[in-house]
Amino acid sequence: MPMLHTVNKSPYERNSLDSCLNHARDGSSVLLFEDGIYAVIRGGKAASGIQAAKGISFYVLGPDLQARGIGTDRVIEGVTVVDYSGFVDLVTGHDNVQSWL
Amino acid sequence: MKLAVMVNEGPYQHQSSDSAYQFTKAALEKGHEIMRVFFYHDGVNNGTRYAVPPQDDRNITQQWSALAKQHDLDLVVCVAAAQRRGVLDADEAKRHGKSGDNIAEGFRISGLGQLIEAGIQAERLVVFGD
Amino acid sequence: MSETIKKFLYVNRKAPYGTVYALESLEVVLIGAAFDQDVSLAFVDDGVFELSKGQKTEGIGMKNFSPAYSALGDYDVTKIYVEKESLDERGLTLDDLLHLTYEDEDEDYAEKDSIHLVSREQLAEIMDQQDVVLSF
């Protein structure tokens, strides 16, 4: 049952992304939004955790990147940028949703 | 699809209510049904009509009220959390001897059962919190 | 109250008293019990602290709500998963936690443990199986 996990806090503030990745099974997806977007910045320590999670699909909410002045050119490879419409599609496209707060 | 949304934080303090609002709006635009938006913890504070935020920024409560009116949304504020934080409708105010009520248009106060029911009836429930 | 039975998981990751989430999530569980769904609770990360025994709150002027966890068995909430890695990281063992039990009506009301110590991997599997996950 592929689950959609969402993470909305910065990996540098809270352990939510770590905890999420500790529990997300292969085949599931993770959407980073709100302050969670900071995890996808190339060169940031959190990015390596994302790159190491091979069986998981990663998404980041574009509007939250833009709001924070992070250009999509700074997003690591393998992370798909989506908008709110894409967020909705992720929710309906997975069997269940878990928010890591 | 039939979706439900839970908002755990108050307006402005966290981005939760904004994110939930944008998500809800996008879902409705795509033709999905949002069967309920349930406000819990400090999220009940989204339902007070006495906020007067600065004019040059969004009015979170009014945005929810307007969206609810446009799409006939069920915005539910949890009674237990609301009592703790002082969000009352006319009945609650009368019952507790308060001089006034403050529930905003389009919101209604009800029990936690409404959240569980939303979880049962909706195909997906998304939680926005901190 | 309902024909449909869904798997509900309540995820607790925060310590008690510093924020309201532990108390108010417990309130959801207790009210939700009336709906006869397939309920599980998960205590992960700092959430394991919510179940610490010996909570005495007079000094901080807050209500000690930990006795309510002991009532969960009476509300048919019998699947309480505590993550071992979360305990280990925090220097805790099961002995530090409340002893939560329920009476199994299928076995002559024998008293059984409600707390199930699970590994991170086991909990990941449990999470994956849920229909509705409530995070606080």
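Residue positions are counted from 1 within each chain, in the order its sequence is given. Chain letters and ligand numbers both follow the written order, the letters beginning at A and the numbers at 1. The model is predicted, so local features are restricted to residues of pLDDT at least 70 and side-chain atom pairs to those at 80 or more, both for listing and for counting; the totals for chains, interfaces and linings are taken over all residues.

(A) Inspection of the overall build of chain A at higher detail. Counting from the N terminus, the helices are the DSSP runs of H or I reaching at least four residues and the strands are the DSSP runs of E reaching at least two. Scanning chain A from terminus to terminus reveals four helices and five strands. Sequence-ordered secondary structure for chain A, helices as α and strands as β, is β-α-β-α-β-α-β-α-β. In this description the radius of gyration comes from C-alpha coordinates, and the expected globular size is given by 2.2 Å times residues to the power 0.38. Radius of gyration (C-alpha) of chain A: 12 Å, near the 13 Å computed for a compact globule of 101 residues. With respect to the three principal axes, the spread of C-alpha positions in chain A is 35 × 25 × 25 Å. Relative to its 101 residues, chain A shows a buried fraction of 50%. Exposure criterion: with C-beta atoms placed from backbone coordinates, a residue whose C-beta has 20 or more other C-beta atoms within 10 Å is buried, one with 12 or fewer is exposed, and one in between is partly exposed.

(B) View of the overall build of chain C. Scanning chain C for helices and strands turns up four helices and seven strands. Secondary structure of chain C in N-to-C order comes out as β-α-β-α-β-α-β-β-β-α-β. A compact globule built from 136 residues should have a C-alpha radius of gyration of about 14 Å, and chain C, at 15 Å, falls within 12% of that. Seen through its C-alpha atoms, chain C measures out along the principal axes to roughly 45 × 30 × 30 Å. Residues are scored as being in contact if the C-beta atoms we place from backbone atoms lie within 7 Å. For chain C, the share of sequence-separated contacts (at least 6 apart) that also reach a separation of at least 24 residues comes to 76%.

(C) Highlighting the sheet that holds strand E5 (residues 124-128) of chain B. Residues and elements named next belong to chain B. At least two bridges found by DSSP between two strands is the condition for calling them paired. Spatially, E4-E3-E2-E1-E5 is the arrangement adopted by the five strands of the open sheet, whose pairing is parallel. Of all the strands in the sheet, just strand E4 (107-110) and E5 have a single pairing partner and so form its edges. Geometrically, the sheet is characterised by an average inter-axis angle of 25 degrees between neighbouring strands, direction not taken into account. For strand E1 (residues 2-7) and strand E2 (residues 33-39), the ladder comprises six bridges, and the chain directions are parallel. Within the sheet, the bridge partner assigned to Met6 lies in E2 and is Phe38. Under this scheme, a helix contributes an axis fitted over its contacting stretch, all axes are lines through C-alpha atoms, and angles between N-to-C directions fall in the 0 to 180 degree range. Packed on one face of the sheet, helix H5 (residues 113-121) meets E1, E2, strand E3 (75-78), E4 and E5 and runs near 150 degrees to E2.

(D) Here's a closer look at the nonpolar core. Counting 104 residues, the largest nonpolar core has A:Leu32, B:Val5 and B:Val77 as its most contacted members. Contact partners of B:Val77, with chain neighbours within four places excluded, come to B:Phe39, B:Val44, B:Gly47, B:Ala82, B:Val87, B:Ile103, B:Phe107 and B:Ile109. A set of buried Ala, Val, Leu, Ile, Met, Phe, Trp, Tyr and Cys residues, joined through C-beta atoms within 7 Å, is what we mean by a nonpolar core.

(E) A look at the interface of chain C and chain A. The interface is formed by 13 residues belonging to chain C together with 13 residues belonging to chain A. Of all the elements in the fold, those that place two or more residues in the side of chain C that touches chain A are helix H4 (120-128) and strand E7 (132-135) of chain C. Residue contributions to the side of chain C that touches chain A peak at five residues, all from H4(C).

(F) Representation of the interface of chain C and chain B. Each partner contributes residues to the interface: chain C has 17 residues there, and chain B has 15 residues. Looking at the side of chain C that touches chain B, the elements that each hand over two or more residues are helix H1 (21-32) and E7 of chain C. Looking at the side of chain C that touches chain B element by element, the count peaks at six residues for H1(C). Broken down by class, the residue content of the side of chain C that touches chain B amounts to nine nonpolar, five polar and three charged. Each residue is assigned to one class: nonpolar for Ala, Val, Leu, Ile, Met, Phe, Trp, Tyr, Cys and Pro, charged for Asp, Glu, Lys and Arg, and polar for all the others, Gly among them.

(G) Summary view of helix H4 (residues 84-93) of chain A. Within H4(A) the residues assigned to the buried category are A:Tyr84, A:Phe87, A:Val88, A:Leu90 and A:Val91. Seen from one end, H4(A) has its buried residues packed into an arc of 160 degrees, which puts them on one side. An arc is given here, and it is the one of the directions from the helix axis to the C-beta atoms.

(H) Up close: the environment of B:Phe38. All names here are of chain B. Its place among the elements puts Phe38 in strand E2. Classification of Phe38 by C-beta neighbours within 10 Å gives buried; the count is 25. Separated by 91 residues in the primary sequence, Phe38 and Gly129 place their C-alpha atoms 12 Å from one another.

(I) How the structure looks around the packing of helix H1 (residues 16-29) of chain B against helix H2 (residues 60-71) of chain B. Residue and element names in this part refer to chain B. Direction vectors running N to C along H1 and H2 enclose 20 degrees, while the axes themselves pass 11 Å from each other. When the axis of H1 is compared with that of H2, the two are roughly parallel. The two elements H1 and H2 meet at a crossing, and its hand is left-handed. The residues of H2 that touch H1, namely those facing Ser17, Asp18, Tyr21, Thr24, Lys25 and Leu28, are Ile60, Gln63, Trp64, Leu67 and His71. An angle counts as roughly parallel when it lies under 35 degrees, as roughly antiparallel when it exceeds 145, as roughly perpendicular when it falls between 65 and 115, and as oblique in every other case. Crossing handedness is defined as follows: a turn of the near helix away from the far one that is anticlockwise and smaller than a right angle gives a left-handed crossing, while the clockwise case is right-handed.

(J) Molecular detail of unusual backbone geometry. In this structure, A:Glu34 is a non-glycine residue whose phi angle is positive, near 45 degrees. Examined against the element boundaries, A:Glu34 turns out to sit in the loop between strand E2 (29-32) and helix H2 (45-52). A residue is classified by how many C-beta atoms lie within 10 Å of it, and A:Glu34, with 22 of them, is buried. Even without glycine at this site, C:Asp76 takes up a positive phi of about 65 degrees. Structurally, C:Asp76 is set in the loop between helix H2 (67-70) and strand E3 (79-83). For C:Asp76, a count of 14 C-beta atoms within 10 Å corresponds to the partly exposed category.

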